[in-house]
Amino acid sequence: MNDDIPRLLDLGARLVEAARKSGADAADAAVVSARSRSAQVRMGRVEELESSESDEVSLRVFVGRRVATVSSDLRSDPERLAERAVAMARVSPEDPYAGLGDPERFSDGADGLDLYDPTEPSGDSLAEEAKALEASALAVSGVSNSSGATAGFGTSGLVLVTSTGFSGARRRSGFSRSVSVLAGEGTGMERDYDFDSRLHFSDLEEPETIGRRAGERAVRRLRPAKVATGRYTIVLDPRVSRSLIGALVGALNGASIARRTSFLRERMGEQVLPEGLDLVDDPLLPRRPGSRPFDGEGLRGERLLLVENGILRNWTLDSATARELGLRSNGRAARSSGGVSPTSTNVTLTHGARTPAELIRDTGQGLYITETIGHGANLVTGDYSCGASGFLIENGELTGPVSEFTIAGHLSDMFRSIEPANDGDTRFSLTVPTLRIGEMTVAGR
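To start, this report covers the structure provided alongside it. (Residues numbered from 1 in each chain as written. Predicted model: local features only at pLDDT ≥ 70, side-chain atom pairs only at ≥ 80, totals over all residues. Heavy atoms only, no water.)

### A short note on the nonpolar core
For step 1, the next point in the chain: Ile234, Leu273 and Leu279 are the most contacted members of the largest nonpolar core, which totals 47 residues.
For step 2, the next point in the chain: Of all the elements, helix α5 (residues 238-251) adds the most residues to this core, at seven residues.
For step 3, the next point in the chain: Those residues in contact with Ile234 that lie beyond four places of it in its chain are Leu367, Ile369, Ile407, Leu435, Arg436, Ile437, Gly438, Met440 and Val442.
For step 4, the next point in the chain: Residues Leu15, Ala27, Ala29 and Val161 belong to the second largest nonpolar core, which totals 23 residues. (Core = buried A, V, L, I, M, F, W, Y, C linked by side-chain atoms within 4.5 Å. Buried < 20%, exposed > 50% of the residue type's maximum accessible area, 1.4 Å probe, protein only. Helix = DSSP H or I, 4+ residues; strand = E, 2+ residues; numbered from the N terminus. Contact = heavy atoms within 4.5 Å.)

Below you can see the structure in the form of structure tokens.
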């Protein structure tokens, strides 16, 4: 995309100008570009080599308080696309909150976030990586079959031009390796996986490390026991704790607040996490997956305390949602072919001082959850219920695997009882450590 940026910026400017000439009071144009390549292997054989490319232009126009968005490929004639968008806007219902972002808050275009690596692995090298992933997993004693291994990379970019003076481009890369295997035989087989995903190729873990860990995880799950129904202290593996805090972030999305579909909509200024815990959203962290120099409206986001010392302080807001709530955008707009909506960037929960092992030791008796089944969280009511599997905690140690049980509670109670360990992983846009969340109702045998 880098070589095409001047051309795409020019295309965006021509679309905006065409919209103004067609009768729009304001407009913005976004060009979204994506490239990817991947190789999938199963039992040592390459099953799929795939490459894809896509380029899409999205034009959003405003006629008074009426708004319409149209999308097309790059070959579309700017004048005809603009005429179509303006015609659609004129027959759309009025939206009192519609409009572009505040020009006084536009990003200056400075990046320095180190989000792009020009490395482009060939299909053959990706296939070799996938084979190494799978071979390492299959080499673990007790692993009996493979669900496949995949290695891939991709790049994406956004060019944005507005009629109010913003013009900018951003791009990122991504590299990934993953493998899923089965251990055991017949009806006693268990599955598990491992993966790595990074912005820079050199940061990826070695295929052998990822594969070995996937195999060991699958073997460890063999011969699970059943859990008796009751109340148990629950500790969440980071795979699951990220999902739980993801539900909290979703409940703080301004669009959900405006639609009144979040159970936290009336809780601003109240305690939602334990004292001492912050939930921070920061789009300006170098080499992090959620970072961006500007949002989907051209605004520069700053570090945002969603929760401070346990107290709810902010929603994630784009411009339209902020107007509806009587607030200011905090630069959390995401742009898609369907328009603009608020989203989070890099979210970090305060880490604790203890290691996961120390947290488990202090727990004594309970359940360590490594996987959940089903959506789990109802963000409208706050109810939480899902199938789960993991390990018993007995005398402060992880012992045998357990499966086929359900955990249930309410998100408000779960959030207020959180005790974090110190093992958050910055590979993810949600950096959340192992969490102990107090007692929950468990339905088992």
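Still more to cover.
### Quick word on the environment of Val347
For step 1, the next point in the chain: Position of Val347 relative to the elements: it lies in strand β13 (residues 347-349).
For step 2, the next point in the chain: The exposure class assigned to Val347 is buried, which follows from its relative accessible area of 1%.
For step 3, the next point in the chain: Here Val347 is in contact with Val249, Leu279, Val280, Asp281, Ser429, Leu430 and Thr431, once residues within four sequence places are set aside.

### A look at the sheet that holds strand β10 (residues 311-312)
For step 1, the next point in the chain: Strand order in this open sheet of five strands is β10-β9-β8-β13-β18, and the pairing throughout is mixed. Strands with a single pairing partner mark the edges of an open sheet, and in this sheet they are β10 and β18 (430-431).
For step 2, the next point in the chain: Looking at chain direction, β13 and β18 are connected through two bridges and run parallel. Bridging from a neighbouring strand, Val347 pairs with Leu430 of β18. (Pairing = 2+ DSSP bridges.)

### Comments concerning the layout of surface pockets
For step 1, the next point in the chain: Estimated volume of the largest pocket: approximately 350 Å³.
For step 2, the next point in the chain: Taken together, 21 residues line the largest pocket, and the ones lying closest to its centre are Arg60, Asp95, Asp318, Ala320 and Val340.
For step 3, the next point in the chain: Going through the elements one at a time, β2 (45-63), β3 (66-72), α6 (254-259), α7 (319-324) and β12 (339-342) are the ones with two or more residues in the lining of the largest pocket.
For step 4, the next point in the chain: It is β12 that provides the largest number of residues to the lining of the largest pocket, a total of four residues.
For step 5, the next point in the chain: Split into classes, the residues belonging to the lining of the largest pocket amount to nine nonpolar, six polar and six charged. (1 Å grid on protein atoms, 1.4 Å probe; cavity = no way out; pocket = protein on both sides within 12 Å on 5 of 7 lines; lining within 4 Å. Points joined across faces, edges and corners; volume = space filled by probe spheres on them. Nonpolar A, V, L, I, M, F, W, Y, C, P; charged D, E, K, R; others polar.)

### Some remarks on the packing of helix α1 (residues 5-21) against helix α2 (residues 78-90)
For step 1, the next point in the chain: Relative orientation of the contacting elements α1 and α2 amounts to 45°, with a least axis distance of 8 Å. The pairing of α1 with α2 is recorded here as oblique in orientation. The handedness of the crossing between α1 and α2 comes out as right-handed. Facing α1, whose interface residues are Leu11, Arg14, Leu15, Ala18 and Ala19, α2 presents Pro78, Glu79, Leu81, Ala82 and Val86.
For step 2, the next point in the chain: Considered class by class, the residues forming the contact of α1 with α2 number eight nonpolar, no polar and two charged. (Axes fitted to C-alpha atoms, helices over the stretch in contact; angles between N-to-C directions. Parallel < 35°, antiparallel > 145°, perpendicular 65-115°, else oblique. Left-handed = near helix turned anticlockwise from the far one by under 90°.)

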